[in-house]
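# Structural characterization, general
Residue-level listing of the chains:
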Amino acid sequence: MSKYRVEELAAVAGVSVEALRSYQSKGLLPPPRHEGRVALYGDQHVERLRLIRDLKTRGHSLRAIASLLEQGPTGDPRRPFADAVIATEHETLTLAELSERTGVPPALLRSLEGSGILQPHKTGEERRYTPEDVRAVRMVLTLLGSGVPIEEFVRVARVQLEAADELAQDTVELFLQYVREPLLASGMPKREEAERMVAAFRLTIQAATELISYTFQRTLLRALQQELDRTGSRSERAALRKVVERRLQLATPA
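Turning to the overall build of the chain, a few remarks are in order. In terms of helices and strands, the chain carries eleven helices and four strands. Looking at the chain as a whole, 29% of its 254 residues qualify as buried. Across the chain, the fraction of contacts at a sequence separation of at least 24, relative to all contacts at a separation of at least 6, is 58%. Per element, the accessible surface of the chain, about 16,600 Å² overall, is 54% carbon and sulfur.

Put into structure tokens, the structure is as follows:
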């Protein structure tokens, strides 16, 4: 096993000595072992620092990272893996708090949940919501406010939900086969294995979500363009071109 002094560990992990000491003081980094007065760190400290750095890069606070490391699947084996991944993402809300944030009555929120459009995280009998749910509800209100009947919206949403379920199952199977199984077979310590699995699952969620959003957006624009090319007016086609050009500008790095 490798041995690192504090300066060497910081260099290998790509963090400053000050950040390293801060993480250690907050309990995010296991204590080193000592040989005389010299503090020595190992490969597990490198992996932990890289995990912390990756999560910080993705916008997670040190408090959220500490919650994952200390209360995640390795800290509490009774806690579901998915809950451990989600728990650090955002603050969580009750149904009443979600209603207050969105201005939507609880009865309508329950109706959206019953149709599968709103999907809270469940821990036992408790349902918790996040700012993502707030945004989803507001997007639903935007569609309804544009004149789309809720019955027609729910009908279309059910088709999307069925497709999403199938895609999610396929993605999970890929993750289990090509990420989890190699980690289980690696022989690394269980805590390190679980930490790396959580980090890998975060990457999977982000990549799959962005790819689905990209694909659906392009498909939606293409379908509308084909319909307007067939039945639309010149001004409608020109307006759609502006939408496409605007999105291309937003997608182009500065």
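Along the chain, the position of Ser-115 falls in the loop between α7 (106–114) and β3 (121–123). Judged by relative accessible area, Ser-115 falls into the buried class, the value being 18%. In terms of polar contacts, Ser-115 uses its side chain to reach the backbone carbonyl oxygen of Leu-112, at 2.8 Å.

Put simply, helix α6 (residues 95–102) and helix α8 (residues 131–145) touch, their axes get as near as 10 Å, and they point 50° apart. The orientation of α6 with respect to α8, classified from their angle, is oblique. Seen from above, α6 lies across α8 with right-handed handedness. Note on element contacts: α8 touches α6 through Asp-133, Val-134, Val-137, Arg-138 and Leu-141, opposite Leu-98, Arg-101 and Thr-102. When its residues are assigned to classes, the contact of α6 with α8 shows four nonpolar, one polar and three charged.

Before going further, it helps to examine the nonpolar core. Among the nonpolar cores identified, the biggest contains 20 residues, and Leu-9, Leu-20, Tyr-41 and Leu-49 are the most heavily contacted of them. Within the residue set of this core, elements represented by two or more residues are α1 (6–13), α2 (17–25), α3 (43–57) and α4 (62–71). If near-sequence neighbours (up to four positions away) are discounted, Tyr-41 is found in contact with Ser-2, Lys-3, Tyr-4, Arg-5, Val-6, Leu-9, Leu-20, Gln-24, Leu-29 and Pro-32. Grouped together as the second largest cluster of nonpolar side chains are 13 residues, Leu-98, Leu-112, Leu-118 and Val-134 included.

Let us now look at the pattern of salt bridges. Applying the stated criterion across every chain yields a total of nine salt bridges. Close ionic contact of Arg-48 with Glu-195 constitutes a salt bridge, the shortest N to O distance being 2.4 Å. Of the two residues, Arg-48 is situated in helix α3 and Glu-195 in helix α10 (residues 190–231); the sequence distance between them amounts to 147 residues. As far as burial versus exposure is concerned, Arg-48 and Glu-195 are alike and both buried. Here Glu-152 and Arg-155 are joined by a salt bridge, their closest N and O atoms 2.9 Å apart. Of this pair, Glu-152 and Arg-155 both sit in helix α9 (residues 150–185), separated by three residues, roughly a single helical turn.

Attention shifts here to the packing of aromatic side chains. Tallied over the full model, the rule gives one aromatic pair. For the pair Phe-175 and Phe-201, a centre-to-centre distance of 5.0 Å together with 65° between the ring planes defines the contact as edge-to-face. Residue Phe-175 is located in helix α9, and its partner Phe-201 is located in helix α10; the two are separated by 26 residues in the primary sequence. Exposure class is identical for Phe-175 and Phe-201. Each is buried.

Two elements in contact, α9 and α10, have axes separated by 11 Å at closest approach and are oriented at 150°. As judged from the angle between their axes, α9 and α10 are roughly antiparallel. Crossing of α9 over α10 shows right-handed handedness. On α10, the residues that touch Leu-167, Thr-171, Phe-175, Val-179, Arg-180, Leu-183 and Leu-184 of α9 are Glu-193, Arg-196, Met-197, Ala-200, Phe-201, Thr-204, Ala-208 and Ile-212.

A few words now on the confidence of the model for the chain. Scored by pLDDT, the chain comes out at a mean of 82, with 86% of its residues at no less than 70. Per-residue pLDDT, averaged within each element of the chain, yields its smallest value for helix α5 (residues 81–87) (47) and its largest for α7 (92). When the criterion is pLDDT under 50, residues 72–84 qualifies, and its contacts beyond four places in sequence or with other chains add up to 23 contacts. Scored below 50 in pLDDT, residues 250–254 makes zero contacts in the model with residues more than four places away or belonging to other chains.

The terminal C-alpha atoms of α8 lie 21 Å apart, and with 15 residues this matches the ideal 21 Å at 1.5 Å per residue to within 8%. What α8 keeps buried is the set Pro-131, Asp-133, Val-134, Val-137 and Val-140. The inward-facing, buried residues of α8 contact α6, α7, β4 (126–128) and α9. In the stretch just after α8, Gly-147 is the one whose phi turns positive, near 110°.

Rules and cut-offs
- Residues numbered from 1 in each chain as written.
- Predicted model: local features only at pLDDT ≥ 70, side-chain atom pairs only at ≥ 80, totals over all residues.
- Heavy atoms only, no water.
- Helix = DSSP H or I, 4+ residues; strand = E, 2+ residues; numbered from the N terminus.
- Buried < 20%, exposed > 50% of the residue type's maximum accessible area, 1.4 Å probe, protein only.
- Contact = heavy atoms within 4.5 Å.
- Areas by Shrake-Rupley, 256 points an atom, 1.4 Å probe, with all protein chains shown as cover.
- Polar contact = N/O pair within 3.5 Å; in protein donor to acceptor, adjacent residues only side chain to side chain.
- Axes fitted to C-alpha atoms, helices over the stretch in contact; angles between N-to-C directions.
- Parallel < 35°, antiparallel > 145°, perpendicular 65-115°, else oblique.
- Left-handed = near helix turned anticlockwise from the far one by under 90°.
- Nonpolar A, V, L, I, M, F, W, Y, C, P; charged D, E, K, R; others polar.
- Core = buried A, V, L, I, M, F, W, Y, C linked by side-chain atoms within 4.5 Å.
- Salt bridge = Lys/Arg side-chain N within 4 Å of Asp/Glu carboxyl O.
- Phe/Tyr/Trp six-rings, centres within 6.5 Å; stacked < 30°, edge-to-face > 60°.
- pLDDT = per-residue confidence, 0-100.
- Expected span 1.5 Å × (residues − 1).

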